[in-house]
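# Fold and contact review
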Amino acid sequence: MTEELEQNLMDARFELLLHERKGEELGNFLNDQNISDVVELVYRYPDSEAEIIGHMAIHRASSVFKLLDISAQKSVIKELPSHKTAALLNELSPDDRTDFLEEVPKKALRDLIKLLHPEEVKITLRMLGYPEDSVGRLMTPDYIYVYETDTVAEAFRIIRKNGKNSETIDVIYVINKKGELVDDFRIRDLILALPEMKISDLMDGRVISLNVKDDQEAASKIFRMNNRVALPVVDDNDILLGIVTVDDMLWVANEEYSEDIQKIGGTEALDEPYLDTSFFKLIRKRAPWLIILFLSEMLTTSAMTHFADEIQKAAVLTLFIPLVMSSGGNSGSQASTLIIQAMAVGEVTIKDWWRIMRREILSGLVLGLILGIIGFFRVSLWEFFHQIGIMNFSYGPHWMLIGTTIGCALVGIILWGSLAGSMLPIILKRVGADPAASSAPFVATLVDVTGIIIYFGTAYVLMGNLIQSGVLNV
């Protein structure tokens with residue numbers, strides 16, 4: 001049976017049960033489906049999303065709810081009866097619940113918190129009190145811990161007693177009587193150990209932990225480097241507060257990727273999905289960068305004004321301004337994107353600036369030579385076509401000197417574009433700014449301004465006498 005046919009059958013069955021108001025059968029039907037299939041069903045039937053969640057068993061409903069985007073979550077909570085909302089919020093893990101609550105308006109937040117159990121209220125308020133984008137907002141206090149003086153048999157009793165409500169039992173954490181994190185070990189180590197062995201015999205002292213105030217993006221890098229499914233979270237006194245699991249880190253990585261892509265495109269990061277962002281908020285996110293880029297591009301006009309006399313006397317040179325400017329901007333955008341990505345995944349750091357600069361100098365020279373040769377060949381080819389009568393336009397008797405000027409200017413502009421594009425993210429990182437802010441449009445604008453200076457400067461050096469005499473004004 002094809003996937004499309006299965007989906008159609010599922011939709012037909014859902015519509016029938018919904019239309020006939022067979023609540024119990026609808027609940028059984030939804031509970032028998034895969035969680036991912038129910039999520040897709042919610043998106044296909046946005047007008048019935050609250051009914052879908054409301055008819056499911058609460059533990060499965062929470063699994064579906066946490067996979068929905070924020071707009072769908074808000075819609076579900078708005079439509080659900082208060083007792084269903086209370087059950088759903090209390091069933092969610094603390095980290096998933098915090099992710100949702102931090103996105104709702106303050107008035108709604110107060111009303112929703114009133115629906116939580118007293119213990120859940122304490123946990124939620126504490127997590128909401130941590131800085132935005134900190135590890136504290138992601139952690140869950142549901143984990144398994146043992147003491148180093150416990151035996152393996154005692155540890156198994158603790159797991160059987162508390163494991164059902166834990167986020168994961170893949171990793172067991174060892175604390176002392178003060179609650180300080182001492183070590184951690186994988187469940188497989190416990191399974192393979194003898195029952196009478198002490199937990200201290202399983203410890204190796206190589207625990208890796210996160211601070212509750214650590215940035216989420218930095219934590220994501222630690223996960224990648226250490227290949228962990230979960231990491232413990234401690235405070236400044238090494239007291240174990242909770243754990244962060246890999247599914248939370250995948251969510252962070254996706255959010256950071258989306259944010260970086262938006263910044264690279266020359267706009268502020270959107271806080272909500274594109275279609276859920278209000279029109280005026282979208283304008284507010286995009287307008288500042290466009291204004292900055294527009295004002296920066298005005299410097300290009302100023303640079304061209306400086307060479308106004310040369311442009312009037314050598315109009316043929318203006319034909320190649322779009323060519324050389326776009327080439328420089330493209331090389332800068334390439335270098336900027338490569339370095340931003342490499343920094344994001346930890347392939348390069350600020351300390352590698354000299355190695356990066358050295359590579360980009362060589363790369364810029366080679367790429368510049370390649371395009372410079374193509375530029376010279378283009379001028380030569382057009383002049384050849386003129387001489388054999390295919391084209392009417394001619395660059396004049398000094399076409400070879402014009403081609404040489406184009407070629408040399410391209411070498412300089414592409415070299416500068418590569419350097420600017422690669423060094424700007426590193427400079428921004430060094431001063432504490434976001435490297436993604438050195439977006440491709442910003443680098444392209446910077447290179448446009450300087451490209452005009454390099455282009456006409458090269459032309460003036462190579463054929464200043466011809467420009468002054470006006471013989472190039474073809």
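Thresholds applied
- Residues numbered from 1 in each chain as written.
- Predicted model: local features only at pLDDT ≥ 70, side-chain atom pairs only at ≥ 80, totals over all residues.
- Heavy atoms only, no water.
- Helix = DSSP H or I, 4+ residues; strand = E, 2+ residues; numbered from the N terminus.
- Buried < 20%, exposed > 50% of the residue type's maximum accessible area, 1.4 Å probe, protein only.
- Contact = heavy atoms within 4.5 Å.
- Areas by Shrake-Rupley, 256 points an atom, 1.4 Å probe, with all protein chains shown as cover.
- Polar contact = N/O pair within 3.5 Å; in protein donor to acceptor, adjacent residues only side chain to side chain.
- Phe/Tyr/Trp six-rings, centres within 6.5 Å; stacked < 30°, edge-to-face > 60°.
- Lys NZ or Arg CZ within 6 Å of the ring centre and 35° of its normal.
- Patch = residues over 30% accessible without salt bridge, like charges linked within 9 Å, V, L, I, M, F, W, Y side chains within 5 Å.
- Salt bridge = Lys/Arg side-chain N within 4 Å of Asp/Glu carboxyl O.
- Arc of directions from axis to C-beta.
- Pairing = 2+ DSSP bridges.
- Axes fitted to C-alpha atoms, helices over the stretch in contact; angles between N-to-C directions.

Scanning the protein chain from terminus to terminus reveals 20 helices and six strands. The 474 residues of the protein chain split such that 45% are buried. For the protein chain, contacts bridging at least 24 residues in sequence account for 67% of all contacts bridging at least 6. Of the roughly 25500 Å² of accessible surface on the protein chain, 58% is carried by carbon and sulfur atoms.

This part is about the side chain of Asp183. With respect to the secondary-structure elements, Asp183 resides in strand E3 (residues 181-186). One polar contact links the side chain of Asp183 to the main-chain amide nitrogen of Gly205, over a distance of 2.8 Å. If sequence neighbours within four positions are ignored, Asp183 has contacts with Ile172, Tyr173, Val174, Met203, Asp204, Gly205, Arg206 and Val207.

This part takes up the packing of aromatic side chains. Two numbers describe a pair of aromatic rings. These are the distance of the centres and the angle of the planes. One pass over the structure, following the stated rule, counts nine aromatic pairs. Centroid distance Trp382 to Phe385: 6.3 Å. Interplanar angle 50 degrees. Geometry classified as tilted. Placement of the pair is Trp382 and Phe385 together in helix H18 (residues 353-387), with a separation of three residues, close to one helical turn. According to the relative accessible area criterion, Phe385 is partly exposed, its value standing at 23%. Above the plane of the ring of Tyr147 lies Lys177, whose end atom (NZ or CZ) is 4.0 Å from the centre. Lying over the aromatic face of Trp382, Arg378 brings its terminal NZ or CZ to 4.1 Å of the ring centre.

Judged by side-chain polarity, Val366, Leu367, Ile370, Leu371 and Ile374 come together as a nonpolar surface patch covering roughly 410 Å² of accessible area. With respect to the element layout, Ile370 can be found in helix H18.

Here we come to helix H13 (residues 216-226). Of all the residues in H13, the buried ones are Gln216, Ala219, Ser220 and Phe223. In a view along the axis of H13, the buried residues occupy a sector of 105 degrees, so they form one face of it.

Of note in this structure, Asp238 is not a glycine but carries a positive phi near 65 degrees. Judged by its relative accessible area of 44%, Asp238 falls in the partly exposed class.

What the three strands build is an open sheet, ordered E4-E5-E6; its pairing is mixed. The open sheet has two edge strands, strand E4 (210-211) and strand E6 (240-245), and neither has a second partner. Note: strand E5 (residues 230-234) against E6, five bridges, orientation antiparallel. Counterpart to Val234 in the pairing with E6 is Leu240.

Taking strand neighbours across the sheet as the criterion, the three strands line up as E1-E2-E3 in an open arrangement whose pairing is mixed. Two strands lie at the open edges of the sheet, namely strand E1 (145-147) and E3, each paired on one side alone. Across the sheet, the mean angle from the axis of one strand to that of its neighbour is 30 degrees, orientation sign disregarded. Taken together, the three bridges between E1 and strand E2 (residues 171-175) define a ladder with parallel strand orientation.

In terms of strand pairing, E2 meets E3 through five bridges, oriented antiparallel. Its bridge partner lying in E3, Ile172 is registered against Phe185. Taking the residues between adjacent antiparallel strands as the criterion, E2 and E3 are bridged by five residues, where Gly179 takes a positive phi near 90 degrees.

Another point: the pattern of salt bridges. A pair can form between side chains of opposite charge whenever their charged atoms are brought close. In the structure shown here, the tally under the stated rule is eight salt bridges. Glu25 is the partner of Arg13 in a salt bridge, and the nearest nitrogen-oxygen pair spans 3.7 Å. Note that Arg13 is positioned in helix H1 (residues 3-19) and Glu25 in helix H2 (residues 23-31), a separation of 12 residues in sequence.

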